[in-house]
Amino acid sequence: MTKQNVVVSDADSQIMNMAISVAVSNSSIFTAAAEKPPMAPGGYISISRKRLMNLKNLDIINGGERLTSWVDSMKASSPTHIQSSPCLMKGQSSWMLQHPSALDMFDKIIEASQGKQIVMFLDYDGTLSPIVEDPDRAFMSDSMRKTVKQLARCFPTAIVSGRCRDKVYKFVRLAELYYAGSHGMDIKGPAKGSKYKKGSQGVLCQPASEFLPMIDEVYKLLVEKTKSTPGAKVENNKFCLSVHFRCVDEKKWSELASQVRSVLKEYPQLRLSQGRKVLEIRPTIKWDKGKALEFLLESLGYANCNDVFPVYIGDDRTDEDAFKVLRDRGQGFGILVSKIPKETSATYSLQEPAEVMDFLQRLVEWKRQAVRSQAML
């Protein structure tokens, strides 16, 4: 793996199928880009490459049509809009055949992991905690925290979130984990080191450090620009920004889109992607949750090993980068947390955080039984 501005230091020094890149080129402001998704089974919602290219072509027409298409995509990413689709139920069964429940397939997953080191990667919002209207109140339950703590005793475990690393740590409050905040652009290992990592050095990776002044500047501009839109909330995640519109009246989405566009058109070094009622603003560097997964595997000594079995559980568009890495490596599995069919590179699915906890508890119990059986030999 190619390293970029990666620092390894002592411990003491320590979302939708569409991404919109912001660029300034003549009259063009938004250029659509997307990875080619796997073939979608009939009946569930998808956004095709053709539609994305149509959005790109709108750049040369006028700002009004660009804005309309962007707002349409905001509506498409809303779970409320997707659930109202009459073809949802028709496609549910077909989708579940392609992405069966990880609980139903638990024995098969364990069978595939035999003789390999399981490494766990967990998104936070929508995976370990429910999606809530106020992002500052996305607390995980005590039972989920206990489960994750037990999991970390059995397997190397990392939280990979779009949140600021310090903020997600305050939610989780488990020092023995690896934390990758800002969509993987801020990674830090356990302060006291890890029993799974060879050597005594801690892990620190911040490939977007040079963008910090720009992120802070854009944050202040967005807060000022969006304060006239009731319900809009701009969150500073250190190396990236989130503009939440979950509490914004749908009639105001166009206004919010225009406000964000007016700020970002002056910053071609930043790109915009869309998640579950949130707009994500990140540096244009080639770094994402998939790169974070690869970095952490390398830090743990599993860069080029065949005896590692990574499992990544997440619910949003940004987690697809990690799912795709696992698929391309041919190692481990991605598990999408969703109650509705989505195009995904994940192999399995779980419907909600409660099912995630059930799956993690089953992993812990299986590991404990395996250790007891080995001790009796």
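Given the structure is predicted, the values throughout are model-derived calculations rather than measurements.

Scanning the protein chain for helices and strands turns up twelve helices and 15 strands. A burial count over the protein chain gives 54% of its 377 residues as buried. With an accessible surface of roughly 17,100 Å², the protein chain has 50% of that area assigned to carbon and sulfur atoms.

This part covers the confidence of the model for the protein chain. With 73% of its residues at a pLDDT of at least 70, the protein chain reaches an overall mean of 81. Below a pLDDT of 50 lies the segment residues 1–63, which in the model reaches 145 contacts outside its immediate sequence neighbourhood of four places, other chains included.

Now for the pattern of salt bridges. In the structure shown here, the tally under the stated rule is 19 salt bridges. With its nearest N and O atoms 3.8 Å apart, the salt bridge here joins Arg165 to Asp166. For Glu224, the salt bridge identified is with Lys227, shortest N-O distance 2.8 Å. For Glu224, a relative accessible area of 47% gives the class partly exposed. Each member of the salt-bridge network shares a partner with another, and the members are Asp125, Asp136, Arg163, Lys167, Lys233 and Glu235.

Our next topic: the side chain of Ser273. With respect to the helices and strands, the residue Ser273 is situated in strand β11 (residues 270–275). Reaching out from Ser273, the side chain makes a polar contact with the side chain of Arg282 at a distance of 3.2 Å.

Bringing helix α10 (residues 289–299) into the picture now. With eight of eleven residues buried, α10 lies mostly within the body of the structure. Turning to α10, its buried residues number three or more, namely Lys289, Gly290, Ala292, Leu293, Phe295, Leu296, Leu297 and Ser299. By the N-cap criterion, in which a side-chain oxygen at the helix start approaches the backbone nitrogen of a residue two or three places on, α10 is capped by Asp288, the distance to Gly290 being 2.9 Å. Two residues or fewer after α10 comes Gly301, characterised by a positive phi angle close to 90 degrees.

With that settled, the discussion passes to the environment of Pro341. Residue placement: Pro341 occurs in the loop between β14 (333–337) and β15 (348–350). For Pro341 and His99, which are 242 residues apart along the polypeptide, the C-alpha to C-alpha distance reads 9.1 Å.

The next point concerns the pairing of strand β13 (residues 308–314). Among the seven residues of β13, seven are classified as buried, and the element is accordingly described as predominantly covered. In terms of strand pairing, strand β4 (residues 117–122) meets β13 through six bridges, oriented parallel. The partner of Phe121 across the bridge, within β13, is Tyr312. Two elements, β13 and β14, share four bridges in a ladder whose sense is parallel. Across the sheet, the residue bridging to Val311 is Phe333, located in β14. Where the polypeptide runs from β13 across helix α11 (residues 320–329) and back to β14, its parallel neighbour, the crossover connection is right-handed.

This next bit is on helix α6 (residues 142–154). For α6, spanning 13 residues, the distance from its first C-alpha to its last is 19 Å, which sits close to the expected 18 Å at 1.5 Å a residue. Burial in α6 covers these residues: Met144, Arg145, Thr147, Val148, Gln150, Leu151, Ala152 and Cys154. Structurally, α6 contributes buried residues whose contacts are with β4, β5 (157–160), α7 (165–172) and α12 (353–375).

This next bit is on the packing of aromatic side chains. Counted under the stated rule, the structure contains nine aromatic pairs. A ring pair is formed by Tyr169 and Tyr179, whose centres lie 5.2 Å apart and whose planes are at 75 degrees; its orientation type is edge-to-face. Of the two residues, Tyr169 sits in helix α7 while Tyr179 sits in strand β6 (residues 178–181), which places them ten residues apart along the sequence. The exposure class assigned to Tyr169 is partly exposed, which follows from its relative accessible area of 36%. We classify Tyr179 as buried; its relative accessible area is 5%. Centre to centre, the rings of Tyr312 and Phe323 are 5.6 Å apart; their planes meet at 90 degrees, and the pair counts as edge-to-face. Of the two residues, Tyr312 is situated in strand β13 and Phe323 in helix α11; the sequence distance between them amounts to eleven residues. Classification of Tyr312 as buried rests on a relative accessible area of 0%. Residue class for Phe323 comes out buried when judged on its relative accessible area of 1%.

Right, let's get into the nonpolar core. Phe121, Ile187, Val218 and Leu222 are the most contacted members of the largest nonpolar core, which has 51 residues in total. Residues Ile110, Ile118, Val356 and Val364 belong to the second largest nonpolar core, which totals 39 residues.

Turning to its location among the elements, Asp319 is positioned in the loop between β13 and α11. Setting aside its immediate chain neighbours within four residues, Asp319 contacts Asp123, Lys289, Tyr312 and Gly314. Polar side-chain contacts of Asp319 include one of 3.0 Å to the backbone nitrogen of Asp315.

So, how was this worked out
Residues numbered from 1 in each chain as written. Predicted model: local features only at pLDDT ≥ 70, side-chain atom pairs only at ≥ 80, totals over all residues. Heavy atoms only, no water. Helix = DSSP H or I, 4+ residues; strand = E, 2+ residues; numbered from the N terminus. Buried < 20%, exposed > 50% of the residue type's maximum accessible area, 1.4 Å probe, protein only. Areas by Shrake-Rupley, 256 points an atom, 1.4 Å probe, with all protein chains shown as cover. pLDDT = per-residue confidence, 0-100. Contact = heavy atoms within 4.5 Å. Salt bridge = Lys/Arg side-chain N within 4 Å of Asp/Glu carboxyl O. Polar contact = N/O pair within 3.5 Å; in protein donor to acceptor, adjacent residues only side chain to side chain. Pairing = 2+ DSSP bridges. Right-handed = clockwise from strand over helix to strand, strands pointing away. Expected span 1.5 Å × (residues − 1). Phe/Tyr/Trp six-rings, centres within 6.5 Å; stacked < 30°, edge-to-face > 60°. Core = buried A, V, L, I, M, F, W, Y, C linked by side-chain atoms within 4.5 Å.

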